[in-house]
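Overview (structure and organization)
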2 protein chains.
Amino acid sequence: MSKIAWIGTGIMGRSMCLHLQDGGHKAAVYNRTKAKANDNVEKGARWCDTPAEATKDAEFVFSIVGYPRDVEAIYFGDDGILSTLSSGSVVIDMTTSEPTLAVRIAEAAQEKGASALDAPVSGGDVGAREARLAIMVGGEKKTFDRVKPLFDLMGQNIQLMGPAGAGQHTKMCNQILIATGMIGVVESLLYAQKAGLNQSEVIDVVGKGAAGSWSINNLGPRIAKGDFEPGFMIEHFVKDMGVALAEARRMKLSLPGLALAHQFYVAAMAQGLDKGGTQALYRVLAKMNGGE
Amino acid sequence: MSKIAWIGTGIMGRSMCLHLQDGGHKAAVYNRTKAKANDNVEKGARWCDTPAEATKDAEFVFSIVGYPRDVEAIYFGDDGILSTLSSGSVVIDMTTSEPTLAVRIAEAAQEKGASALDAPVSGGDVGAREARLAIMVGGEKKTFDRVKPLFDLMGQNIQLMGPAGAGQHTKMCNQILIATGMIGVVESLLYAQKAGLNQSEVIDVVGKGAAGSWSINNLGPRIAKGDFEPGFMIEHFVKDMGVALAEARRMKLSLPGLALAHQFYVAAMAQGLDKGGTQALYRVLAKMNGGE
């Protein structure tokens, strides 16, 4: 059993850390808002006042926070992870963040004689709770092999994609698919409604064939019911799309579909839908087309 | 067993008509290119030199041809279906065509004391061959019920969606999903390639979760292998998108994602990819981004 540090016990991180605790690992936890670590502390995790304190004795340091600037702060800031990271240990950032930042963390870890993985996930709060996350990993094979038994406690579809940053890049591929696909979902259902069709019946017939996708089959029915509550929040999705566009720009790659999706989601935020689910994009295009 | 007429024995129609023949129905067939009806004639179908001749004694008249203008010609032209359609019979147009044209055909059939269904399909040549098509139907319930046993010989997911035109509208919903989704597939795989990832590995990890779709899981691997052969041809897809955009315009519905997809597919045709598969969109965006 290993000593782990867990930085970030939000809705995702809390469940993921609990799986490691349930697996018998000894956890030290830190979170910006202390109350959100209650579940973990109740199950025996040691509360720490700073990332540095949690990191001090840990062999594996996991992090999953909100934005790249938060990742930057918990790694490079005062009392950050890198200030107390010991030689031979591993840092694993599971935040969806910038590939270039993942490379910087890996380099900084190496200078300390430690190793790093970037390992963003897909599957949402339900996937985290049920330990069914997809985990997309960047880093060295031998580090991956060392952490793999811990990943196995949190997820099911766990792949090493390449060197540092490759996990983040893969997550960007994931988000590009979802973002542009959501425009199709929304436009298709708007067309259905305007043409006098029953949206649920349309989803039923088109969702099983070549037009089928996770989004139309899972978020489509929510749109049809007028349910815009978040599985995944628009404000986080806009962050991810921003990272993907910036990386694409850096690589000199033009992605017009992603850019269009990004702009529509920015419009969603302009309409106060920041904390709505990604399917609330429907309301943006409905409103644009004279609806409510 | 019924007397049927089958107009259009292209790659789809041929298989679909054969299923009806195998079901014991007596077929009269017409096709612009006679040789393409050989399979049906060898199995006992009677060749006819015009749609009118095939229609004369038929209780059920099926059609599946290329473009709306072809539908117009075989129904309303000289020696067309409507010239010999008898009272009490049913016309079923299975071409992906204009909803407004479906309504015109239904009205013309009614004037003859006959009935009509619009019943476009999804599932491609494989679905047609294996009788696994999705069939999206517009028309009256009692007509649908009469034709349903024949549809059952061709497909599996058969739904009455509403009055005349509703089948075509539903097919448009299907195509809108595919078109906009394909931009996501292509941009995601371009990003993967540019970021140094293995495209097949990316498909493997993202295709099982919230980013999963029929397109990424079936056409993605073909893109990764450089296989741009048609499952469904770009020139037909551009036709469908044109219909959807025209109908949306008529209904005062703005669909920016579909418009973007349409323009990229027009660019594909500008690059000579008319007869390529829909996944050849990849080459358009690759070329736009400085590749080949």
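Our structure is the block above this text.
Residues numbered from 1 in each chain as written. Chains lettered and ligands numbered in written order. Predicted model: local features only at pLDDT ≥ 70, side-chain atom pairs only at ≥ 80, totals over all residues. Heavy atoms only, no water.

1. Observations concerning the interface of chain B and chain A
How big an interface is tends to be expressed through the accessible area that disappears when the partners come together. Taken together, the contact between chain B and chain A spans 59 residues of the former and 59 residues of the latter. Roughly 4800 Å² is buried in total at the junction of chain B and chain A, and carbon and sulfur atoms are behind 70% of that figure. Of all residues in chain B, Leu177, Tyr191 and Val205 of chain B give up the largest surface area on contact with chain A, accounting jointly for 16% of the area buried on that side. Taken together, the links from chain B to chain A amount to zero salt bridges. On inspection of chain B and its partner chain A, the count reaches 14 residue pairs in polar contact (both at pLDDT 80 or more). Looking at which element gives the most residues to the side of chain B that touches chain A, the answer is helix H9 (residues 166–194) of chain B, with 20 residues. When the residues that make up the side of chain B that touches chain A are grouped by side-chain class, the tally is 35 nonpolar, 17 polar and seven charged. (Contact = heavy atoms within 4.5 Å. Buried area = accessible area lost by both parts, 1.4 Å probe. Salt bridge = Lys/Arg side-chain N within 4 Å of Asp/Glu carboxyl O. Polar contact = N/O pair within 3.5 Å; in protein donor to acceptor, adjacent residues only side chain to side chain. Helix = DSSP H or I, 4+ residues; strand = E, 2+ residues; numbered from the N terminus. Nonpolar A, V, L, I, M, F, W, Y, C, P; charged D, E, K, R; others polar.)

2. Thoughts on the pairing of strand E8 (residues 133–138) of chain B
Residue and element names in this part refer to chain B. Among the six residues in E8, six count as buried, and that is most of the element. Across two bridges, the pairing between strand E7 (residues 121–122) and E8 is antiparallel. Each bridged residue has a counterpart across the sheet, and for Ser122 the counterpart in E8 is Ala134. Pairing of E8 with strand E9 (residues 155–162) involves six bridges; the strand directions are parallel. Its bridge partner being in E9, Met136 is matched across the sheet by Gln159. As for the winding sense of the linkage, the β-α-β connection from E8 through helix H8 (residues 141–151) to E9 is right-handed. (Buried < 20%, exposed > 50% of the residue type's maximum accessible area, 1.4 Å probe, protein only. Pairing = 2+ DSSP bridges. Right-handed = clockwise from strand over helix to strand, strands pointing away.)

3. A look at the relation of the copies chain B and chain A
Of the transformation superimposing chain B on chain A, the axial component is 0.0 Å and the angular component is 180 degrees, with the fit at an RMSD of 0.0 Å. In short, the pair behaves as if placed about a two-fold rotation axis. The C-alpha atom lying nearest the rotation axis in chain B is that of Ser213 of chain B; the distance is 1.9 Å. Of the interface residues in chain B, 100% have counterparts in chain A that sit at the interface too, so the contact is made through matching surfaces. (Least-squares fit on C-alpha atoms with pLDDT ≥ 70 in both.)

4. What to know about empty space enclosed by the protein
With the rule as written, the count across this model stands at three cavities of 30 Å³ or more. What lines the largest cavity is a set of 20 residues, and nearest its centre among them are Leu177, Gly181 and Ser213 of chain A together with Gly181 and Ser213 of chain B. Contributions of two or more residues to the lining of the largest cavity are made by helix H9 (166–194) and helix H11 (214–218) of chain A together with H9 of chain B. For the lining of the largest cavity, the element with the most residues is H9 of chain A, which contributes five residues. Here the lining of the largest cavity is built from residues that sort into 12 nonpolar, eight polar and no charged. (1 Å grid on protein atoms, 1.4 Å probe; cavity = no way out; pocket = protein on both sides within 12 Å on 5 of 7 lines; lining within 4 Å. Points joined across faces, edges and corners; volume = space filled by probe spheres on them.)

Note that every value here comes from positions in space, so none of it alone points to a role or purpose.
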